[in-house]
Amino acid sequence: MKTTQNNIRRALIMAALAIVIALPASVYAQGPDLSAQTEHQYNDDIHSFILKRLRQTTLQREKQMNKQIQQMLINLPNAEKLYDETFVRITTGVQEDTTEDGKPEINFIYNISYNCHHFEGTEDDYPSAAYLWSTSNSCRAICNLTKTMIEKELSDIFGKGRQTTITITSTTDAAEIAHINYNGEYGDFRYMPAIFNDENVRISVDQKDGITTNAQLAYLRAQSVRSFLDENISNLKQTINDYRFITRCFDMTGPHYRRSSLQIVVHGAFDDAARAMEAALQNDEYVDFNIPSIEENLNSKTYALIIADEEYTAPLPNCEFASNDGDVLHQYFVHTLGIPTRHVKVLHNAGRQEIYNEGIHWLKDIIKAQSGDVHIIIYYAGHGITNAKFAPYLMPSGIDVSKIRAFRSKDGILPPDIELKGRDAERVLEQCISFDTLTGWFNRVEALSYTFIIDASFDGVQRSGKQFFNIKKESKRYRTPRVRSDIVIFMAADGDKTAYSFIDQHHGFFTYYILKELKYTRGEITFQDLFNNVTKNQAYESSLQGKLQEPSMIIGGKLGDDWGSRTFINN
């Protein structure tokens, strides 16, 4: 690992120095002194980036799995439904560790558990004296949910031959046990290692003598969960599994002290991904790493609003990587374009009213205070949609889906190819922001320039390529928004085309290629060159991935060709 990192470090330094040598003296003076960076620091930077990226990927999956959990629980048969006060939750993580022979490894951690907030919900726990996983609604839920997650959402992580450590935690209350029949479903156990009340113990239990202690009862609850995993999850039949059992007896009585939870560690799950990222870093393919800097506050007349709407209320899907788009663009605005930190505002998962109150109103006050002597940039990453006449709308987070009758499916899942009309369509649109409204907010507010960057789909398809929903159309084709004379809008794609995500880069395709141009030119690029380069590179890479995407421009009517000479750096 250390040799590889050293090679990456040398390659990156040489590439950076080659760029610096080719730059004018004035730019060289503004850039970072790479020669002063120690080898240790550079290795730490690479290491930190890889872990950050892996954690981003894992968190993205965690959010998606928890959304699915809520939908699946709604769809349970009546006999298996959980009480409203019972909450099932998956958490995941990335863990650095070493193998038994001392080699580093990067592991995936999967946890699933549940909690009952009120007494009513505790009826989902194990009945007294029961040990079978199927006798607890909650344990049955976490077992079946784990099967679905491993076989579908995590199948690439639970690959053939992977080593796993599976820890099952099961508990009992303090009720005294005289004798409970054990039917021998899992065989007899003799001096088996376990942890009971935080102490290492050996547990024996057999069909002949039955269950006479809480330690035995808790142990059999754990063995019951193990039996389900072994018999029902196909991926775990191909992995090498090391089971560990943690048991506990509480000193209180009650059903909420009778539970099971599960943790699975997949060893070396991210080792291959980490090596691939090291190779990509050597080729300088990540716009999130080694972000160039110019003189701080150089771009003092520019103000930027970044809206990154990733999380949406179920059953609406999230807009993947929108949050990372906003965060990294923020770094480029401040470090690469030299916009003062206080001149950039980032809104995450903002609703329509918040965008206006905290974002648009903020910009309008600044423009007024500076008598229009400012350059304004507005960026949006999130979902989009078109109305009945194909006019585009931004769809902020926080949409109140309870108002939309068509979203109220029995299983809580957004129906495929859903088409809204009538009052449902009106209720969605009144929570969105039309392009006309967005540009209209500045119609009477003069500034030096307005630039909009929109990374969103408006054609009823998500960034992931999956169907979203549409509003029933009265017109036959998309209408390009009309904008005032001094506004330039960079669009990820035409309004009737899909704007996809670049999964390997954790960005929207469009945002990634804009950032890439800003990185390689250090922000010194005209709008015309930026658009031409993004168009060429984005179309090439997206077509290779089978999802061709070409950006578009909307130019203010009176700008003519003057828009092409604009830049983001305005001294």
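Residues numbered from 1 in each chain as written. Predicted model: local features only at pLDDT ≥ 70, side-chain atom pairs only at ≥ 80, totals over all residues. Heavy atoms only, no water.

Draft legend 1. Broad picture of the packing of helix α11 (residues 509-521) against helix α12 (residues 527-544). One way to put it is that α11 packs onto α12 with a least axis distance of 9 Å and a crossing angle of 130°. As far as their axial angle goes, α12 and α11 are oblique. Between α11 and α12 lies a crossing of right-handed hand. Contact residues: α11 offers F509, F510, Y513, I514 and E517, while α12 offers L530, N533, V534, N537, Q538, E541 and S542. For the contact of α11 with α12, the residue count by class is six nonpolar, four polar and two charged. (Axes fitted to C-alpha atoms, helices over the stretch in contact; angles between N-to-C directions. Helix = DSSP H or I, 4+ residues; strand = E, 2+ residues; numbered from the N terminus. Parallel < 35°, antiparallel > 145°, perpendicular 65-115°, else oblique. Left-handed = near helix turned anticlockwise from the far one by under 90°. Contact = heavy atoms within 4.5 Å. Nonpolar A, V, L, I, M, F, W, Y, C, P; charged D, E, K, R; others polar.)

Draft legend 2. Spatial organisation of the pattern of salt bridges. Evaluated as defined, the whole model comprises 20 salt bridges. Close ionic contact of E310 with K63 constitutes a salt bridge, the shortest N to O distance being 3.6 Å. Highlighted residues: E310 in the loop between β8 (302-308) and α7 (322-336) and K63 in helix α3 (residues 39-74), separated in sequence by 247 residues. Note on E310: relative accessible area 3%, which makes it buried. A relative accessible area of 24% means that K63 is categorised as partly exposed. (Salt bridge = Lys/Arg side-chain N within 4 Å of Asp/Glu carboxyl O. Buried < 20%, exposed > 50% of the residue type's maximum accessible area, 1.4 Å probe, protein only.)

Draft legend 3. Layout of the nonpolar core. Ranked by internal contacts, the top residues of the largest apolar core, which has 97 residues, are M395, I454, F469 and F490. With seven residues, α11 is the single largest residue contributor to this core. Ignoring anything within four residues of it in the chain, the contact list for F469 reads L316, I385, M395, F407, I418, L420, V428 and G460. Counting 67 residues, the second-largest nonpolar core is a separate cluster that includes L73, L76, L217 and F289. (Core = buried A, V, L, I, M, F, W, Y, C linked by side-chain atoms within 4.5 Å.)

Draft legend 4. Seen up close, the environment of H47. Looking at the element boundaries, H47 is found in helix α3. Overall, H47 belongs to the partly exposed group, its relative accessible area being 31%. Along the primary structure H47 and E278 are separated by 231 residues, whereas in three dimensions their C-alpha atoms are 9.0 Å apart.

Draft legend 5. Region of interest: the pairing of strand β9 (residues 344-348). Of the pairings in the sheet, the one linking β8 to β9 comprises five bridges and is parallel in character. The partner of A308 across the bridge, within β9, is H348. Running through α7, the crossover from β8 to the neighbouring parallel element β9 is right-handed. (Pairing = 2+ DSSP bridges. Right-handed = clockwise from strand over helix to strand, strands pointing away.)

Draft legend 6. A look at the packing of α7 against α11. Two numbers describe how α7 lies on α11: the axes approach to 11 Å, and their chain directions differ by 20°. By the angle between their directions, the pair α7 and α11 is classed as roughly parallel. The interaxial crossing formed by α7 with α11 has left-handed handedness. On the side of α7, the interface is formed by D325, V328, L329, Y332 and T336, while α11 contributes T511, L515, L518 and K519. Classifying every residue of the contact of α7 with α11 gives five nonpolar, two polar and two charged.

Draft legend 7. Molecular detail of α11. Spanning 13 residues, α11 covers 19 Å between terminal C-alpha atoms, matching the ideal 18 Å at 1.5 Å per step. The buried count for α11 comes to ten of 13 residues, which makes it a mostly enclosed element. Among all positions of α11, only F509, F510, T511, Y512, Y513, I514, L515, E517, L518 and K519 are buried. Directly after α11, the chain includes R522, whose backbone phi takes a positive value near 55°. (Expected span 1.5 Å × (residues − 1).)

Draft legend 8. Spatial organisation of the packing of aromatic side chains. What the rule picks out here adds up to 24 aromatic pairs. Arranged with centres 6.5 Å apart and planes meeting at 65°, the rings of F442 and F452 form a pair that is edge-to-face. On the criterion of sequence distance, the pair formed by F442 in the loop between α10 (435-440) and β15 (449-455) and F452 in strand β15 is long-range, its members being ten residues apart. When sorted by exposure, F442 lands in the same class as F452, which is buried. By way of ring pairs, the aromatic residues F189, Y219, Y243 and F245 are connected into one cluster. The ring of Y126 carries R221 above its face, with NZ or CZ at 4.5 Å from the centroid. Sitting over the face of the ring of F390, K473 holds its NZ or CZ atom 5.2 Å from the ring centroid. (Phe/Tyr/Trp six-rings, centres within 6.5 Å; stacked < 30°, edge-to-face > 60°. Lys NZ or Arg CZ within 6 Å of the ring centre and 35° of its normal.)

Draft legend 9. Expanded view of the side chain of S138. Relative to the elements of secondary structure, S138 occurs in helix α4 (residues 137-153). The class for S138 is buried, based on a relative accessible area of 0%. Once residues within four sequence positions are removed from consideration, S138 is found in contact with L82, T86, Y114 and D124.

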